[in-house]
Amino acid sequence: MQNWKQNLSSFTHKKAHEEPTSPNERSQNPLASDLDKNINAIRNVFGEDADLIVRNFRMYGMYHAAILLFSSLVDQEQVHEHVLKPLMSAPSELSAIPEQRKDLPDFIWNTTVQVTQGNRTPDLNALPAFLLEGSVVLLVEGMDQALYFNLRKIEHRSIEQPQTEQIIRGSREGFIENLEANLSLLRYRLQTPDFRVTTAPLGARTRSQVAVCYIEGIVDPALVKKVMKRLSMINTDSILDSGYIEQFIEDNPLSPFPQVQPTERPDRSAAALLEGRVVILVDGSPFSLIAPALFSQFFQTMDDYTERFIVGSLIRIIRLIALIFSLFFPALYVSVISFNPELLPTEFAVAISGGRAGVPFPAVLEVLIMEVFMEVLREATIRLPQMIGGALSIVGVLVIGQAAVSAGLASPTTVVIVAITTIGSFATPSYNAAISSRMLRFPLIILAGCFGLYGVMLGTIVIVNHLLFLESFGVPYMTPYVPTKWRDLKDSLIRVPLWWMRRRPSFLNSPDPTRLAHDLPTTYLDQIFKETGEPDEQQPPDNNNPSSDSNR
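Residues numbered from 1 in each chain as written. Predicted model: local features only at pLDDT ≥ 70, side-chain atom pairs only at ≥ 80, totals over all residues. Heavy atoms only, no water.

1. Comments concerning the overall build of the chain
Keep this limit in mind: Secondary structure follows DSSP: runs of H or I at least 4 residues long count as helices, runs of E at least 2 residues long count as strands, and numbering of each begins at the N terminus. Categorising residues by exposure relies on relative accessible area from a 1.4 Å probe, with only protein chains included: less than 20% of the type maximum marks a residue as buried, more than 50% marks it as exposed, and the intermediate range marks it as partly exposed. In what follows, a contact means two residues having at least one pair of non-hydrogen atoms within 4.5 Å. Only the protein chains shown count as cover for residues, and the accessible areas themselves come from Shrake-Rupley with a 1.4 Å probe.
Along the backbone of the chain there are 18 helices and 12 strands. When the 552 residues of the chain are sorted by exposure, 43% land in the buried category. Contacts spanning at least 24 positions in sequence make up 64% of the contacts within the chain whose residues lie at least 6 apart. Per element, the accessible surface of the chain, about 30,000 Å² overall, is 58% carbon and sulfur.

2. Quick notes on a nonpolar patch on the surface
Quick note on the threshold: Exposure above 30% relative accessible area and no salt bridge define the residues that can form patches, which grow by joining like charges within 9 Å and nonpolar side chains of Val, Leu, Ile, Met, Phe, Trp and Tyr within 5 Å. For this document, the term salt bridge refers to a Lys or Arg side-chain nitrogen within 4 Å of an Asp or Glu carboxyl oxygen.
A surface patch of nonpolar side chains, about 680 Å² in accessible area, is lined by Ile317, Leu320, Ile321, Ile324, Phe325, Val416, Ile420, Leu493 and Ile494. Secondary structure elements with two or more residues in the nonpolar patch: α11 (309–338) and α15 (412–426). For the nonpolar patch, the leading source of residues is α11, giving 5 residues. Within the secondary structure, leucine 493 is located in the loop between β12 (475–476) and α18 (522–531).

3. Regarding the sheet that holds strand β7 (residues 208–215)
Put simply, the rule is: Only when DSSP finds a minimum of two bridges between them are two strands counted as paired. Under this scheme, a helix contributes an axis fitted over its contacting stretch, all axes are lines through C-alpha atoms, and angles between N-to-C directions fall in the 0 to 180 degree range.
Read from one edge to the other, the open sheet built from 5 strands follows the order β6-β7-β9-β10-β8, with strand pairing classed as antiparallel. Either end of the sheet is taken by a strand with one partner, and the two such strands are β6 (195–202) and β8 (261–263). Shown here is a sheet whose adjacent strand axes are inclined to one another by a mean of 25°, direction ignored. By the bridge criterion, 3 bridges tie strand β9 (residues 278–282) to strand β10 (residues 288–291) in an arrangement that is antiparallel. Bridge pairing in β10 links isoleucine 280 to leucine 289.

4. Here we look at the nonpolar core
Note the following rule: Here the nonpolar core consists of buried residues drawn from Ala, Val, Leu, Ile, Met, Phe, Trp, Tyr and Cys, with membership extended through side-chain atoms lying within 4.5 Å.
If you look at the biggest cluster of nonpolar residues, it comprises 44 residues, and the most contacted ones within it are Met59, Tyr60, Leu87, Leu127, Leu138 and Leu139. At the level of secondary structure, the elements contributing two or more residues to this core comprise α2 (35–46), β1 (52–59), β2 (63–70), α3 (76–88), α4 (104–112), α5 (127–132), β4 (135–140) and β5 (146–150). Looking at this core, the element that brings in the most residues is β2, giving 7 residues. Each residue touching leucine 127, except ones within four places of it in the same chain, is listed here: Leu31, Ile42, Thr121, Val137, Leu139 and Ala146. By size, the runner-up hydrophobic cluster in this structure holds 30 residues, among which are Phe295, Tyr333, Ile352 and Ala433.

5. Quick notes on the packing of aromatic side chains
Note the following rule: Here a pair means two rings of Phe, Tyr or Trp (six-membered ring of Trp) with centres within 6.5 Å. Their orientation is stacked below 30 degrees between planes, edge-to-face above 60, and tilted elsewhere.
Counted by the stated rule, this structure contains 8 aromatic pairs. With a centroid separation of 5.0 Å and 90° between ring planes, the pair formed by phenylalanine 46 and phenylalanine 70 is classed as edge-to-face. Linking phenylalanine 46 in helix α2 with phenylalanine 70 in strand β2, this pair joins segments that are 24 residues apart in sequence. The interplanar angle of 55° and the centroid separation of 6.5 Å between the aromatic rings of phenylalanine 257 and tyrosine 477 together place this pair among those described as tilted. Of this pair, phenylalanine 257 sits in the loop between α8 (242–249) and β8 while tyrosine 477 sits in the loop between β12 and α18; the two residues are 220 residues apart in sequence, bridging distant segments of the chain. One exposure class covers both phenylalanine 257 and tyrosine 477, and it is buried.

6. Re the pairing of β7
With 8 of 8 residues buried, β7 is to be regarded as a mostly interior element. Residues Ser208, Val210, Val212 and Tyr214 of β7 are buried on one face, and the alternating residues Gln209, Ala211, Cys213 and Ile215, pointing to the opposite face, are buried as well. Inspection of the sheet shows β6 paired to β7 by 8 bridges, in the antiparallel sense. Bridging from a neighbouring strand, threonine 198 pairs with valine 212 of β7.

7. Digging into the environment of asparagine 29
Inspection of the secondary structure assignment puts asparagine 29 in the loop between α1 (2–17) and α2. The class of asparagine 29 is partly exposed, set by a relative accessible area of 31%. When the C-alpha atoms of asparagine 29 and aspartate 123 are compared, they prove to be 5.3 Å apart, with 94 residues separating the residues in sequence. Discounting chain neighbours no more than four positions away, the residues touching asparagine 29 are Pro122, Asp123, Leu124 and Asn125.

8. Concerning the side chain of glutamate 371
Take glutamate 371: it is sitting in helix α13 (residues 363–383). Residues within four places of glutamate 371 in sequence aside, it is in contact with Pro330, Val418, Thr421, Arg441, Phe442 and Ile445.

9. Thoughts on the packing of α13 against helix α16 (residues 431–451)
The condition that has to hold: Each angle receives one of four descriptions, namely roughly parallel if under 35 degrees, roughly antiparallel if over 145, roughly perpendicular if within 65 to 115, and oblique otherwise. Here is the rule for handedness: rotate from the far helix to the near one, and if that takes an anticlockwise turn smaller than a right angle the crossing is left-handed, while a clockwise turn gives right-handed. Any residue that is not Ala, Val, Leu, Ile, Met, Phe, Trp, Tyr, Cys, Pro, Asp, Glu, Lys or Arg is counted as polar, Gly included; the first ten are nonpolar and the last four charged.
Their axes nearest at 9 Å, the elements α13 and α16 cross at an angle of 160°. What the angle tells us is that α13 and α16 run roughly antiparallel. Taken as a pair, α13 and α16 cross one another with a handedness that is left-handed. Residues Val364, Val367, Leu368, Glu371, Val372, Glu375, Arg378 and Ile382 of α13 touch α16, and the partners they reach there are Tyr431, Arg438, Met439, Arg441, Phe442, Ile445, Ile446 and Gly449. Residues belonging to the contact of α13 with α16 are distributed by class as follows: 10 nonpolar, 1 polar and 5 charged.

10. Some thoughts on helix α6 (residues 179–189)
In an α-helix, one turn spans 3.6 residues, which is why side chains three or four residues apart end up on the same side. Threshold: Any N or O atom pair separated by 3.5 Å or less is treated as a polar contact, with the protein-specific requirement of one donor-capable and one acceptor-capable atom, and with residues adjacent in sequence counted only for side-chain atom pairs.
Within α6 the residues assigned to the buried category are Leu179, Ala181, Asn182, Leu183, Leu185 and Leu186. Put simply, asparagine 178 is the residue that caps the front of α6, since its side-chain oxygen is 3.1 Å from the backbone nitrogen of glutamate 180.

11. Quick look at helix α7 (residues 221–232)
The test is simple: The span one expects for a helix is its residue count, reduced by one, times 1.5 Å. Read the arc as the range of directions from the helix axis to the C-beta atoms.
Here α7 is 12 residues long and its end C-alpha atoms lie 16 Å apart, about the 16 Å a rise of 1.5 Å per residue gives. Of the residues making up α7, those classed as buried are Leu223, Val224, Val227 and Leu231. Along α7, the residues classed as buried sweep out an arc of 100° about the axis, all on the same side. For α7, the exposed residues set more than 90 degrees away from the buried face come down to Pro221, Lys225, Lys229 and Ser232. Those residues of α7 that are buried are in contact with β6, β7, α8, β9 and β10.

12. Brief notes about the sheet that holds β2
The pairing of strands in a sheet happens through backbone hydrogen bonds and is either parallel or antiparallel. A sheet is described by the order of its strands in space; here 5 strands give the open sequence β1-β2-β4-β5-β3, paired in antiparallel fashion. Here the strands that pair on one side only, and so sit at the sheet edges, are β1 and β3 (118–121). Each neighbouring strand pair of the sheet contributes to a mean axis angle of 20°, computed without reference to strand direction. When β4 meets β5, the two strands line up antiparallel, connected through 4 bridges. Its bridge partner lying in β5, valine 137 is registered against tyrosine 148. Here α3 sits on the sheet and contacts β1, β2, β4 and β5; the angle it forms with β1, its principal contact strand, is near 35°.

In structure tokens, the structure reads:
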């Protein structure tokens, strides 16, 4: 207790006399020739009570030296075996040790330490950042440069199946929070020397490593430049997840529709890279960002490509129907019940009217109450532990739904309508796209309650115009529908066979637009006919070849 009182007194006194300094305002400060002075300067940056480890020793038995590290960030076994042990041992030929201190960094790097990543710097102010990145810093008495070796080791969870993008057929691997592991998952799938990764820290205080990935020769260089320019304009103190970056680099951040696609799947990211897109990874986030992202992408999954094209196309159409249900069905129900009941068959209108006989609210208020209940139930199910989340959803849907009908708060038809729209919103593969459709449902219901079908039409026109106005990194959001790209319609609402998709999407302006080597489907069909013994009508007989069948 007494120690904590002293710590509190020291902390209060220090804060009262120090001047706040932003990380961006720290200027360059050359290393001093005094080893203890350099160590004390670094200690002052982190505070006296920090978990910084300083190990003093005598290098080669001749020089006073010290290594500095955070034990929680580095692999201590490698530090002992490949840094500390070789430095404390005298080299086989003592005469090889340079006499000049300025030659020591080269000698240490080339003959002593057994580390693959590292560098040197004369700037004392740069050393705290390297320590926080997981490097080991070596300081030597009288040496005007410090060496740092990257021996970072962070405990992380194992690679597991993605939780937000489940598929039936395909890879079970998902990104995790470790950037190196995520890059290895991409390199495992893209074993080409053209795969490029550019990394740099982002965030003045978090200095989170951000990686921009693309395939040179496939991606449009202007797109890479645009992505890097937007990243370079981010000036914030913290980047804790890829969602932070997404909100900074979107074309229209006020829109409810996502313009950058987050994904947990490495195979989906690899497929995007092979189309000519750019993938952004953030250290500490299990989601990558794909740019540009268009409206049609958010309703596609990897199952669409691993199954036959007929099945994939049918499932895509079903997802679109589910989207229309989730977005317009409650609003149409309110408008028809409140303003135009004559549009319904007489028996059905009488049944609905009988079900609503005991409900004291107008239809619009009834639907809004049930929609809010479902959103609350959905949010509670997500936040609860997985073991009881499923039980709560069953209780919420069955018990509360039935109880609401019995209590006269809602009619059975309204419960059915809200249930169908909720299930339809879950059919959307992308979580953020599904949230957008759910949020837009509320203004449509209010417009339907105020103006009937005219209100639904007005809301639809506003949404469609907004979608036509949007862009993602310069690409119209509704491409390939508007503007119409006939070639890209092969992979939009329906998907044609893979061997028919010869070219990459035209709106990405890839320098290498062709991804199939031959002129398909002609060549592909010719091969099938040859294997089945059918005559090849595409190949003319060779009159100059004596072995040709036509010349025998």
